[in-house]
Amino acid sequence: MKQTFGRIIMLLALVGLLLPAGLVQAAAGGTALAELHKLKQIGCADCHGTAKKITVDDSEKGINQSCIGCHGDLDAVGAKAKAHINPHKSHLGQLNCTTCHSGHSRSQAYCLKCHTYDMPIPGGASPVVPLKLKKSAKKVETADVVVIGAGASGMTAAITAHDAGAKVILLEKQPITGGNSMLAAGGMNAADTKFQKAKGIKDSVELMYQDTMKGGKNTNDPALVRILAQNSSGSVDWLTSIGADISDVGRMAGASVYRTHRPTGGHAVGAHIANVLRKNAADRKIDVRVNSKVVKIIEDKQGRVTGVEVEGKHSGSYNIKAKAVVLAAGGFSANPEKVAFYRPEFKGMTTSNQPGATGDGLELGAKAGGELKDMKEIQIHPTVAAGSRILITEAVRGNGAILINHEGKRFVNELTTRDKASEAILQQTGKSAYLIFDEAIRKSLKQIDGYFHLELVKEGATIKELAAALKMPADTLAASIETYNKAVDAKSDAEFKRPDLPRALRTAKYYAIEIKPGVHYTMGGLKINTDTQVIAKDGKPIAGFYAAGEVTGGVHGANRLGGNSISETITFGRIAGANAAKLAKSATK
Ligand code: MEZ
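Residues numbered from 1 in each chain as written. Predicted model: local features only at pLDDT ≥ 70, side-chain atom pairs only at ≥ 80, totals over all residues. Heavy atoms only, no water.

Enquirer: Can you tell me about the packing of helix H7 (residues 152-163) against helix H20 (residues 564-588), naming the residues and giving the values?
Expert: Contact geometry for H7 and H20: axes closest at 7 Å, N-to-C directions at 40°. The angle between the axes of H7 and H20 places the two elements in the oblique class. Of the two possible hands of crossing, H7 and H20 adopt the one that is right-handed. The segment H7 lies against H20, with Ala152, Ser153, Thr156, Ala157, Thr160 and Ala161 engaging Thr569, Ile570, Gly573, Arg574, Gly577, Ala578 and Ala581. (Axes fitted to C-alpha atoms, helices over the stretch in contact; angles between N-to-C directions. Helix = DSSP H or I, 4+ residues; strand = E, 2+ residues; numbered from the N terminus. Parallel < 35°, antiparallel > 145°, perpendicular 65-115°, else oblique. Left-handed = near helix turned anticlockwise from the far one by under 90°. Contact = heavy atoms within 4.5 Å.)

Below, the structure is given as structure tokens:
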């Protein structure tokens, strides 16, 4: 019952649909949403009652269905929203109503965990009423494979294990699936793909391997990099076969050629892939549970992993016995204390990550005996919109944007690796810079529209007008752009040696986004082998324990190349899912 009502009222208030103004105001104040529904003669039984036989499971599926039954789904409600920025239409993928709304405890817009929009939520000031968890005998469930974390690695592992015949339970501590993968913008690196061939791009597994090793300062685990490069084209095919569109190919920093695959028109890759994976998990009826935090990885006396202990939002503590466990819980960029512990110089820096990227999965893995490596290798992304947590994708630079400082001057090769670009920005006035692009670049990349939607862009009909909007010397800005345009014409950037020079900036209007470096990715994590088995401190694999994605260390060495993360999640997620299912099958025999 709880969350249904919350969502309903928030929808009403934000969209201004049904409730009288006074009631909306009360909702925004101290009255819990369930109470407000009662004022409208909507009682508990209407959502929870025996007639509907709704049990409140941790994923709150039944209750969300009740909300949708009365108010329509997210898209339907978003379509009615008048406000320019409204969570029902400015979201990434289908979210549960109960992600934000709660009947009996404080409602909270999930997006405000990262963003700072003025977005009061009805019931937002209600007192927090801790959920009373049932105190019953500890339940024990069974599965062949348990996957921890429902980002791209976890969902891929779960789907692959399911398709190999395993009974899978996928657990996610956050109220939504998608993890940080859902925020991935630029694309997925893959070499020698059918999409590159169709565009006449010459690439090879060896070249992707070499670029990745060089980007990682040759500190990567070469065997894992080989797996990444060798399987990348197959992973593109697999994603395509389950419904993804990643046929557009762009270029990212540190790549010798165009190899970053993304949806047609240059839409963001992560939200699309997350939706495809969610749908595939749902179509297969895989048991996906949100609001379900794994608090322990259980081992037997021999140190073999045999299951997990879970803390469910409503069901409380229970265990799942499993023949294999795949840890895919992501990194720790959104844990400022942990970041500062490993890299004190990054203290206080913003992050591009979703709030769940706190690194507790790493701790679970380490407690289960896994060895951690490269923990100090934390990536700073050069272009996070100033004063926000919104990543401005590297693809904007890949499609031709340049970096200009507050004095109107270019100062770096925009397509150098992220560590070098970030370092250069931090040396500029205000430790920030402007990403400058024109109408042609805007049109080349659909995801740029999102930055306009979020009101991050300043513009001018001419370069002079843009300079005025940015309060920078117009002559200097015009001269910097002119010098750059000449470099593009000459196909040679004498000033900063930018290797790709995709287009000159000559098509009005002209645009700018102020950017600052932010914590983006944690390269370190659990040591794994090429079968994704977690390696213990004695160098031996831990039986029954696999890991994939950002929770692992080794693939990226000291610096990850843009586009290699989504590539890693799909390739290593597939390997982990297949191997976990194989082990489960052999254990059943
Ligand atoms: O892989 C990434 O981190 C990436 C491509 C980010 C981006 O700038 O879009």
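Enquirer: Can you break down the side chain of Arg418 residue by residue, with the values?
Expert: For Arg418, the location among the structural elements is in helix H15 (residues 418-426). Under the relative-accessibility criterion, Arg418 is labelled buried at 7%. Engagement of the side chain of Arg418 in a polar contact is seen with the side chain of Gln379, the distance being 2.9 Å. Ignoring sequence-local partners within four residues, the contact set of Arg418 consists of Gln379, Ile380, His381, Pro382, Glu394, His520, Asn559, Arg560 and Gly562. (Buried < 20%, exposed > 50% of the residue type's maximum accessible area, 1.4 Å probe, protein only. Polar contact = N/O pair within 3.5 Å; in protein donor to acceptor, adjacent residues only side chain to side chain.)

Enquirer: Report on the side chain of Ser422, specifying residues and quantitative values.
Expert: Of note, Ser422 is situated in helix H15. Residue Ser422 is classed as buried on the basis of its relative accessible area of 3%. Those residues in contact with Ser422 that lie beyond four places of it in its chain are Ile380, His381, Pro382 and Pro517.

Enquirer: Please set out the UniProt feature "domain: FAD-dependent oxidoreductase 2 FAD-binding" (unreviewed entry) in the chain residue by residue, giving values where relevant.
Expert: Mapped onto this numbering, the UniProt entry gives "domain: FAD-dependent oxidoreductase 2 FAD-binding" (unreviewed entry) at residues 144-566. Regarding residues 144-566, the helix share stands at 31% and the strand share at 23%, and the terminal C-alpha atoms are separated by 26 Å. (UniProt positions renumbered as here; feature names shortened; annotations may be inferred.)

Enquirer: Give me the domain arrangement of the chain: which residues, what numbers.
Expert: Split into domains, the chain comes out as domain 1 (140-377 + 523-587) and domain 2 (379-519). Between domain 1 and domain 2, the C-alpha centre-to-centre distance is 31 Å. Taken together, the contacts link 30 residues of domain 1 with 27 residues of domain 2. Along the contact surface separating domain 1 from domain 2 lie one salt bridge. Across the salt bridge formed by Lys217 and Asp419, the nearest N and O atoms sit 2.5 Å from each other. (Domains from an automatic or database assignment. Salt bridge = Lys/Arg side-chain N within 4 Å of Asp/Glu carboxyl O.)

Enquirer: Could you give me a rundown of the pairing of strand S2 (residues 168-171), with the residues and numbers involved?
Expert: What you see with S2 is no split at all: Val168 and Leu170 on one side and Ile169 and Leu171 on the other are buried throughout. Strand direction decides the pairing type here: strand S1 (residues 139-148) and S2, joined by four bridges, are parallel. Its bridge partner lying in S2, Val145 is registered against Val168. With H7 bridging S1 and the parallel S2, this β-α-β connection has right-handed handedness. (Pairing = 2+ DSSP bridges. Right-handed = clockwise from strand over helix to strand, strands pointing away.)

Enquirer: Go over the pairing of S1 with me, naming the residues and quoting the values.
Expert: For a regular strand, side chains alternate in direction, first toward one face of the sheet and then toward the other. Counting buried positions along S1 gives seven out of 10 residues, so the element sits mostly inside the fold. Of the strand pairs in this sheet, S1 and strand S9 (residues 316-327) are connected by nine bridges, and their pairing is parallel. Directly across from Val145, in S9, lies its bridge partner Ala324.

Enquirer: Could you give an account of the site of the ligand, naming the residues involved and the relevant values?
Expert: Neighbouring residues of the ligand: Ala185, Gly186, Met252, His381, Leu391, Thr393, Glu394, Arg418, His520, Arg560, Gly562 and Gly563. One of the backbone nitrogen or oxygen atoms of Gly186 is found 2.8 Å away from an oxygen atom of the ligand. Measuring from an oxygen atom of the ligand, one finds a side-chain N or O atom of Arg560 at 2.6 Å. In the complex, the protein chains occlude 95% of the 270 Å² of accessible area that the ligand would expose alone. (Near = heavy atom within 4 Å. Areas by Shrake-Rupley, 256 points an atom, 1.4 Å probe, with all protein chains shown as cover.)

Enquirer: Report on the sheet that holds strand S16 (residues 525-527), specifying residues and quantitative values.
Expert: Judged by pairing direction, the sheet is mixed, and its three strands sit side by side in the order S10-S16-S19 without closing on themselves. Of all the strands in the sheet, just strand S10 (372-373) and strand S19 (552-553) have a single pairing partner and so form its edges. Across two bridges, S10 lies against S16 in antiparallel orientation. Bridge assignment links Leu372 to a residue of S16, and that residue is Leu526.

Enquirer: A description of the packing of aromatic side chains should follow, citing residues and the corresponding values.
Expert: Within the structure shown, the criterion is met by four aromatic pairs. Consider the rings of Phe332 and Tyr342, whose centres lie 5.7 Å apart with planes at 50°: the pair is tilted. Highlighted residues: Phe332 in the loop between S9 and helix H12 (336-342) and Tyr342 in helix H12, separated in sequence by 10 residues. Ring centres 4.9 Å apart and planes at 80° place the aromatic pair Phe341 and Tyr342 in the edge-to-face group. You can call Tyr342 buried: its relative accessible area is 18%. Members of the aromatic cluster, joined through ring pairs, are Phe332, Phe341 and Tyr342. Directly above the ring of Tyr209 sits Arg226, whose terminal nitrogen or CZ lies 3.7 Å from the centroid. A cation over an aromatic ring shows up here: Lys338 above the ring of Phe332, its NZ or CZ 6.0 Å from the ring centre. (Phe/Tyr/Trp six-rings, centres within 6.5 Å; stacked < 30°, edge-to-face > 60°. Lys NZ or Arg CZ within 6 Å of the ring centre and 35° of its normal.)

Enquirer: An account of the nonpolar core is requested, with residue identities and associated values reported.
Expert: By size, the foremost hydrophobic cluster in this structure holds 143 residues, and its most contacted members are Val145, Leu239, Leu277, Val308, Ile436 and Phe437. Three or more residues apiece are contributed to this core by two domains, here domain 1 (140-377 + 523-587) and domain 2 (379-519). Other than its neighbours up to four places away in sequence, Phe437 contacts Val396, Ala401, Arg442, Ile448, Phe452, Val457, Leu505, Lys509, Tyr510, Tyr511 and Ile513. (Core = buried A, V, L, I, M, F, W, Y, C linked by side-chain atoms within 4.5 Å.)

Enquirer: Quick one: what's the story with the environment of Val269, residue by residue and with numbers?
Expert: Of note, Val269 is situated in helix H11 (residues 269-283). Residue classification places Val269 among the buried positions, given a relative accessible area of 0%. For Val269 and Gly186, which are 83 residues apart along the polypeptide, the C-alpha to C-alpha distance reads 6.3 Å. Residues in contact with Val269, not counting those within four places in the same chain, are Ala184, Ala185, Gly186, Gly187, Ile246, His261, Arg262, Pro263 and Ile566.

Enquirer: Talk me through the packing of helix H18 (residues 463-470) against helix H19 (residues 474-490); I want residue IDs and the actual numbers.
Expert: Contact pair H18 / H19: the axes reach a minimum separation of 9 Å and the direction vectors enclose 125°. By the criterion of interaxial angle, the relationship of H18 to H19 is oblique. Of the two possible hands of crossing, H18 and H19 adopt the one that is right-handed. Facing H18, whose interface residues are Ile463, Lys464, Leu466 and Ala467, H19 presents Ala474, Leu477, Ala478 and Ile481. Among the residues forming the contact of H18 with H19, the class breakdown is seven nonpolar, no polar and one charged. (Nonpolar A, V, L, I, M, F, W, Y, C, P; charged D, E, K, R; others polar.)

Enquirer: Got a sec to walk through H11? Specific residues and values, please.
Expert: Across its 15 residues, H11 extends 21 Å between first and last C-alpha, which sits within 8% of the 21 Å expected from 1.5 Å per residue. By the burial criterion, the buried members of H11 are Val269, Gly270, Ala271, Ile273, Ala274, Val276, Leu277, Arg278, Asn280 and Ala281. Buried residues belonging to H11 abut H7, helix H10 (222-241), strand S5 (260-262), strand S6 (287-289) and H20. Positive backbone phi, at 55°, marks Lys285, one or two positions downstream of H11. (Expected span 1.5 Å × (residues − 1).)

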